[in-house]
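Structural description and commentary
Chain by chain, the residues:
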Amino acid sequence: MSKPKLVLIGNGMAGVRTLEELLKLAPGKYDITVFGAEPHPNYNRILLSPVLAGEKTLDDIVLNDDAWYTGHGITLHKGKKVVAIDRVRRCVRTEDGTVAGYDRLLLATGSTPFILPVPGRDLEGVVGFRDIRDVERMLEASEKHRYAVVIGGGLLGLEAANGLKKRGMNVTVVHLLDTLMERQLDKPAAGLLQRALENSGLNFKLEAQTEALLGEGRVRAVRFKDGSEIPADLVVMAVGIRPNIELAKAAGIHCERGILVSDTMQTFDPQVYAVGECVQHRGELFGLVAPLFEQAKVCANHLAEFGIARYQGSVTSTKLKVTGIDLFSAGEYQGGPGCEELLFQDPSRGVYKKLVVRDNKVTGAVLYGDTVDGAWYFQMMRDGTDISAFREHILFGQAHMGDSGHGAESHAVRLAEDAEVCGCNGVCKKTIVDAIIQKKLFTLDEVRTHTKASASCGSCTGLVEQILQSTLGSDYSVSPAKKPLCKCTDLTHEEVREAARTQGLKTIPELMGALGWRTPDGCHTCRPALNYYLLCQWPDEYRDDPQSRFINERVHANIQKDGTYSVVPRIWGGVTNPRELRAIADVAEKFQVPCVKITGGQRIDLLGVPKARLPAIWAELGKHGLVSGHAYGKSLRTVKTCVGKEWCRFGTQDSTTLGIELEKMTWGSWTPAKVKMAVSGCPRNCAEATIKDFGVVAVDSGWELHVGGNGGVKVRATDFLCKVQTDEDVMEYAAAYLQLYREEARYLERTAHWIERVGLPYVHSRLVDDAEGRKALCARFLASQRKAQTDPWAERAQGAEKHEFEPLTPQERNNHACIA
Amino acid sequence: MNSWTPIASLEDIPRQGARIVATPEGAIAVFRTLDDRVFALLDRCPHKGGPLSEGIVHGARVTCPLHNWVIELDSGQAVAPDEGCVRRFPVRIEDGMVAIVLPDTLVGT
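Overview of the structure.

Procedures and definitions
Residues numbered from 1 in each chain as written. Chains lettered and ligands numbered in written order. Predicted model: local features only at pLDDT ≥ 70, side-chain atom pairs only at ≥ 80, totals over all residues. Heavy atoms only, no water. Helix = DSSP H or I, 4+ residues; strand = E, 2+ residues; numbered from the N terminus. Buried < 20%, exposed > 50% of the residue type's maximum accessible area, 1.4 Å probe, protein only. Contact = heavy atoms within 4.5 Å. Areas by Shrake-Rupley, 256 points an atom, 1.4 Å probe, with all protein chains shown as cover. Buried area = accessible area lost by both parts, 1.4 Å probe. Salt bridge = Lys/Arg side-chain N within 4 Å of Asp/Glu carboxyl O. Polar contact = N/O pair within 3.5 Å; in protein donor to acceptor, adjacent residues only side chain to side chain. Nonpolar A, V, L, I, M, F, W, Y, C, P; charged D, E, K, R; others polar. 1 Å grid on protein atoms, 1.4 Å probe; cavity = no way out; pocket = protein on both sides within 12 Å on 5 of 7 lines; lining within 4 Å. Points joined across faces, edges and corners; volume = space filled by probe spheres on them. Phe/Tyr/Trp six-rings, centres within 6.5 Å; stacked < 30°, edge-to-face > 60°. Lys NZ or Arg CZ within 6 Å of the ring centre and 35° of its normal. Pairing = 2+ DSSP bridges. Axes fitted to C-alpha atoms, helices over the stretch in contact; angles between N-to-C directions. Lys, Arg positive; Asp, Glu negative; His and termini not counted. Arc of directions from axis to C-beta. Core = buried A, V, L, I, M, F, W, Y, C linked by side-chain atoms within 4.5 Å. Right-handed = clockwise from strand over helix to strand, strands pointing away.

**Digging into the overall build of chain B**
Check the secondary structure of chain B and you find one helix and 10 strands. In chain B, the succession of α and β elements from N to C terminus is β-β-β-β-β-β-β-β-β-β-α. Burial status across chain B gives 58% buried among its 109 residues. Long-range contacts, defined as pairs at least 24 residues apart, comprise 41% of the intrachain contacts of chain B with a sequence gap of at least 6. Put simply, chain B shows about 4400 Å² of open surface, and 48% of that area lies on carbon and sulfur atoms.

Written as structure tokens, this is what we have:
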């Protein structure tokens, strides 16, 4: 049976990107034919400016060469312009009469430069700035002629002007308005930009309306409405682009300014898809690459018949590709009613920064002269990060935030070339940067595939993304704000949890089936997450799936580098006695445990136990009343305490007893990531409660509650939540806080990262402002604990999951014919 | 000459899981996928020797529990970007029993 046919019209970035995404999802699903009007392979149009400026060659910017098309069995027609689409017979026809039938048609016809309707527009030497041909014509002119005029003081016009100046021409930029790049910059930033460009040798004529281009045969001068004239041997029109919709229109596909598409990138004819600059989506047109790539991803998803992705618009950012000028803008940079503006100006350094803030969230940014933090601000915009906690420092940039408060984010730009980024795979920054440039990588996944960075534990993912952004410029920041749970789905953590809750999905197979998982049984990333989400949502009904748990939780011990395990008995609040110590010592001796160590959390670790001996060692410990310390789990680990008022001459409260009570209440609870607590008996804080997920510090009049601390990879001090009076209050708050975290954080997200994402005010509003809500959360926590508090060691010592611990033995056959 | 040695009934190996068989050449991990296919690999990740039998089995792949390398169960090949290969052993199901061809040294003893 022959495969369905997919025809792509337009061999540009959006269309070919869609094919790449499609080939990843469903290779071999279609017979693919591509028509490109240009005689070139697919190239990176964004990099035409550096080619014009002589910083890159044409070869440098080819994205997919002919071999790529051949390798994927794609028929490529270069230099063939499609002139008609027959939607009834489902075929397309080119200028030279080539006909190709389709089952699905993808329009990616891009846009054409807008040419001002002035006399002389047809003269030789008048060009747009759109494709390789335009660049070639400009380069030709720069060799023979002297005066260039660029009409249009936007992003593209300035890039063209910069390139022509570098090629030795005398360049004047003509702009209708009184400020440059008015679609990206506010007035102060535009003024700084203009001055810098003037210093570099560009001329400007603002508030100038072009009336005519003069000359015979070749252009000679530009005349303006006010009667003035300037010489011009080359005129570049960069006043805007126009979606190329003629073909679609002629075929009766509904168009307004662009080809209208739905959230699934389908036109009014469901067989016909469209992506890129030729489309109009929710009233918007597109001229930057990031949204095109997001569209490509969605389109590919539907072409592959997964049918779950939706394009919902993009937040975009801009960077000017003019060497020596640092400029960044994103979002609602102009501000307006309901917005606040945070401003930083240092005229002598030529630095200008503006952040537009609404409801304590960054909604726009303009940076000039120092754009190092562009990627950081942009990330906060897309994540909707609440900035109230660090608002006063935000304009000074991420480097001034100290270590606290920023999760995996860090300063990729300032990182030394030989700095190790990925500890698991030993990848340094230079390797990543080189791969991005040489192998033309655009996305995190591609970087993972080519360098292995972030491919193992993933703790360096944020850093790798930053390196990607800083290497490519923000034009390329294609990692969508919406991050899928893993490669098996396009749904986010939140969407999956929501679906499980509202659709009553109660097993992993049900969930995968209902939500259209791409793989039969997921992967090592999604299965543990789904297992946790179901466990948390349906504490009474869900049956835990051991095969969807990481080995540590499956066998209730910590796997070590040599494949042995470590055993950590629970020691409530860190308080023990000679009997327990003796039991632990005896067990260590009897089982010849190679290493006994006090852990960072005041517990005793027995290291180096072979897996098969685990049930026996647990049985022995169990005899003396010792139970699992869950030191291996995404669960409550320890409650660290100081000696408190019982012994300490400064202690004001009984922190030890409260610590034990807290541990008795919360042990056994599964959580999105590991959880540590601590109780300190006075503000000297000997239990280091202010770097714990939940920290309690005694003061004379009661207890201070602190949340979201972390002593791990990235140290984060807690946020102060509130003060309470009694031990009972502490217990209620702790349970409610843990439950809120359990119900709303993403799997593997520590409380520190969760609080940074949702903001302390949100947590405060749920726990402190809403007493009823707090009590309800607490009640749900306690209800789920009724099933959770069973000692897994005791169960396994009695034979549960026996197969985990016993190897198979080869059986002898009756006839031993083969054994000589 | 090698021979098929029964090691367990299929039910002894958990779906999406593995059991090991100890041999003088090291442990062999015998995997059972969701759709009841069986595979046998040396229980050592080509990366740092992690016990593959303890990994999460998904599709016909297993993820090593030490550093998340993903290994193809049918070929023993590491999935890109990683490179490496782990030794395979012939394995089949006959009459509900899983049988493997053990390394020569064991058969000879």
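**Considerations on the interface of chain A and chain B**
Counting from both sides, the interface comprises 38 residues of chain A and, opposite them, 41 residues of chain B. Both sides together, the interface formed by chain A and chain B hides about 3100 Å², and carbon and sulfur atoms give 56% of it. One salt bridge in this structure joins E54 of chain B and K611 of chain A, with 2.7 Å as the shortest N-O distance. On the surface where chain A and chain B come into contact, there are 10 residue pairs in polar contact (both at pLDDT 80 or more). Elements with a contribution of two residues or more to the side of chain A that touches chain B: α11 (444-451), α15 (526-537) and α16 (551-555) of chain A. Residue classes in the side of chain A that touches chain B are distributed as 14 nonpolar, 12 polar and 12 charged.

**Here we look at empty space enclosed by the protein**
One pass over the full model with this rule turns up two cavities of 30 Å³ or more. Reported here for the largest cavity is a volume of approximately 50 Å³. What lines the largest cavity is P528, N531, Y532, S548, R549, E553, K634, W670 and Y747 of chain A. By residue number, the principal contributor to the lining of the largest cavity is α15 of chain A, which donates three residues. Counted by class, the lining of the largest cavity contains four nonpolar, two polar and three charged residues. The space that makes up the second largest cavity amounts to roughly 40 Å³. Q547, R554, H803 and E804 of chain A together with P14, G17, A18 and S53 of chain B together form the lining of the second largest cavity. Split into classes, the residues belonging to the lining of the second largest cavity amount to two nonpolar, four polar and two charged.

**Observations concerning the packing of aromatic side chains**
In this description, an aromatic ring pair is defined by two values, namely the gap between the centres and the angle between the planes. Residue and element names in this part refer to chain A. Per the stated rule, a full pass over the model turns up 12 aromatic pairs over all chains. Judged by centre distance (5.9 Å) and plane angle (70°), the ring pair of F286 and Y311 falls under edge-to-face. Of this pair, F286 sits in the loop between β22 (279-281) and α8 (289-303) while Y311 sits in the loop between α8 and β23 (317-319), and the two are 25 residues apart along the sequence. Across the pair, exposure class does not vary: F286 and Y311 are buried alike. An aromatic cluster of at least three residues, connected via ring pairs, comprises F694, Y737, Y741 and W754. For K353, the ring lying beneath its charged end belongs to F344, and the centroid distance is 5.5 Å. Of note, R549 hangs over the ring of W670, and the distance from its end group to the ring centre comes to 4.0 Å.

**Examining the sheet that holds strand β30 (residues 558-559) of chain A**
In a beta sheet, neighbouring strands are held together by backbone hydrogen bonds and run either parallel or antiparallel to one another. Residue and element names in this part refer to chain A. One open sheet accounts for four strands, arranged β30-β31-β33-β32; its pairing is antiparallel. If you trace the sheet from one side to the other, it starts and ends with β30 and β32 (595-598), each paired once. Of the pairings in the sheet, the one linking β32 to strand β33 (residues 604-609) comprises four bridges and is antiparallel in character. Note on β33: the bridge partner recorded for C595 is L607. Running at roughly 10° to β33, helix α17 (residues 578-590) makes contact with β32 and β33 of the sheet. Contacts from helix α18 (residues 614-623) reach β31 (565-567) and β33, with the element oriented near 5° to β31.

**Points about the side chain of K165 of chain A**
Residues and elements named next belong to chain A. Note on placement: K165 falls in helix α5 (residues 155-166). Comment: no salt bridge for buried K165; closest opposite-charge side chain is E55, at 8.9 Å. At 3.1 Å, the side chain of K165 and the side chain of S200 are in polar contact. Leaving out residues up to four positions away in the same chain, K165 has contacts with V171, S200, G201 and L202.

**Considering α11 of chain A**
The periodicity of an α-helix, 3.6 residues per turn, causes residues three or four positions apart to be oriented the same way. Residues and elements named next belong to chain A. Buried within α11 are the following residues: L444, E446, V447 and T451. One side of α11 carries all its buried residues, which in axial view fall inside an arc of 160°. Buried residues in α11 make contact with α1 (13-25), β29 (427-428), α10 (429-438) and α12 (461-472). Once α11 finishes, K452 follows within two positions and takes phi at roughly 75°, a positive value.

**Digging into the environment of F268 of chain A**
Residues and elements named next belong to chain A. Assignment of secondary structure puts F268 in the loop between β20 (259-261) and β21 (272-274). For F268 and G252, which are 16 residues apart along the polypeptide, the C-alpha to C-alpha distance reads 9.5 Å. With near-sequence residues (within four places) excluded, F268 lies in contact with H254 and L260.

**A few points about the pattern of salt bridges**
Residue and element names in this part refer to chain A. What the rule picks out here adds up to 57 salt bridges over all chains. A salt bridge links D693 to R750; the nearest nitrogen and oxygen atoms lie 2.8 Å apart. Here D693 is found in the loop between β35 (675-680) and β36 (694-699), whereas its partner R750 is found in the loop between α21 (727-744) and α22 (751-758), with 57 residues between them in sequence. Its relative accessible area of 13% is what places R750 among the buried residues. Put simply, R17, E20, E21, K24 and E446 are held in one network by salt bridges that share partners.

**Looking at the sheet that holds strand β8 (residues 99-101) of chain A**
All names here are of chain A. Strands sit in the order β6-β7-β8 across an open sheet of three strands; the sheet is antiparallel. Both outer strands of the open sheet, β6 (82-86) and β8, are each paired with one neighbouring strand and no more. Within the sheet, the average angular offset between the axes of one strand and its neighbour, ignoring direction, is 20°. Where β6 and strand β7 (residues 91-94) come together, four bridges link them in antiparallel fashion. Bridging from a neighbouring strand, D86 pairs with C91 of β7.

**Concerning the side chain of Q785 of chain A**
Residues and elements named next belong to chain A. Here Q785 shows up in helix α24 (residues 771-788). A polar side-chain atom of Q785 sits 3.0 Å from the main-chain carbonyl oxygen of W667. With residues near it in sequence (within four places) discarded, Q785 still touches M665, T666, W667, G668 and S669.

**Things to note about the nonpolar core**
Formed by 83 residues in total, the largest nonpolar core has its most connected members in V567 of chain A together with V30, F31 and L52 of chain B. The biggest single contributor to this core is α15 of chain A, with eight residues. Those residues within four positions of L52 of chain B in sequence are excluded, and the remaining contacts are F31, L41, L42, D43, R44, C45, V62, C64, I71 and V86 of chain B. In terms of nonpolar packing, the next biggest core, distinct from the first, is built from 55 residues, W68, A108, I253 and F293 of chain A among them.

**Some remarks on the pairing of strand β1 (residues 5-9) of chain A**
All names here are of chain A. Judged by how many residues are buried, β1 sits mostly within the fold: four of five residues are covered. Where β1 meets strand β2 (residues 31-36), five bridges bridge the pair, whose relative direction is parallel. Bridged to L6 within β2 is I32. Note that the unit made of β1, α1 and β2 has a crossover that is right-handed. Here four bridges tie β1 to strand β9 (residues 104-107), and the two strands are oriented parallel to one another. The residue of β9 that forms the bridge with L8 is L106.

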